[in-house]
Amino acid sequence: MKITVEHAEAAENEVILRCPDLDEEMLGVLSLLRSGLRRLCVWDDSRQTTLLSPGEVVYCETVDDRVFVYTGQAVYQTALGLGELESRYSSLGFFRAGKSSVVNLHRIRSLVSLGGGRIEATLETGEKLIVSRRYAPLLRERLGL
């Protein structure tokens, strides 16, 4: 892939993709560009609202009917359910890891197979998350393992 950057004074930012086919590589580039446009509305303990880029999210989990969003620096809450998070941001790497968790695939450091078909994912933060046996085959497929 050839990348060209041009400096244009007093012009609006513009990205042009030229490709013979819209293949996996170009779809990945489009997804990355679009991720900068999508924001996830969350709030902290003081009820201060923050708009996160999906790439900042390490994982999300449900506890006592509340959805928590974990970044490398803080924990937030969101009004979105896990299914909604997964469907909205799956093209950006969000993956359902279990009944009560969604993980950002781009924030996984390593994977270890456990007995019973489960997978242990070590995240960039050092935290470990179990991918249930129900979702483990889908993870392997999505990662090409």
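Before any of the text, the structure's been laid out above.
Residues numbered from 1 in each chain as written. Predicted model: local features only at pLDDT ≥ 70, side-chain atom pairs only at ≥ 80, totals over all residues. Heavy atoms only, no water.

### Quick word on the pattern of salt bridges
At step 1: For the structure on display, the rule yields three salt bridges.
At step 2: The residue E86 makes a salt bridge to R96 at a minimum N-O spacing of 3.8 Å. Remark: R96 occurs in strand β6 (residues 94-98) and E86 occurs in helix α2 (residues 82-89); sequence separation between them is 10 residues.
At step 3: Since its relative accessible area comes to 28%, E86 is described here as partly exposed.
At step 4: Given a relative accessible area of 14%, R96 falls into the buried group. (Salt bridge = Lys/Arg side-chain N within 4 Å of Asp/Glu carboxyl O. Helix = DSSP H or I, 4+ residues; strand = E, 2+ residues; numbered from the N terminus. Buried < 20%, exposed > 50% of the residue type's maximum accessible area, 1.4 Å probe, protein only.)

### Focus on the environment of V29
At step 1: Tracing the backbone through its elements, the reader meets V29 in helix α1 (residues 24-35).
At step 2: When the C-alpha positions of V29 and L17 are compared, they lie 8.9 Å apart, and in sequence the two are 12 residues distant.
At step 3: In this structure, V29 is in contact with M1 and L17, ignoring residues within four places of it in sequence. (Contact = heavy atoms within 4.5 Å.)

### Section: a nonpolar patch on the surface
At step 1: A surface patch of nonpolar side chains, about 410 Å² in accessible area, is lined by M1, I3 and V5.
At step 2: With respect to the element layout, I3 can be found in the segment before α1. (Patch = residues over 30% accessible without salt bridge, like charges linked within 9 Å, V, L, I, M, F, W, Y side chains within 5 Å. Areas by Shrake-Rupley, 256 points an atom, 1.4 Å probe, with all protein chains shown as cover.)

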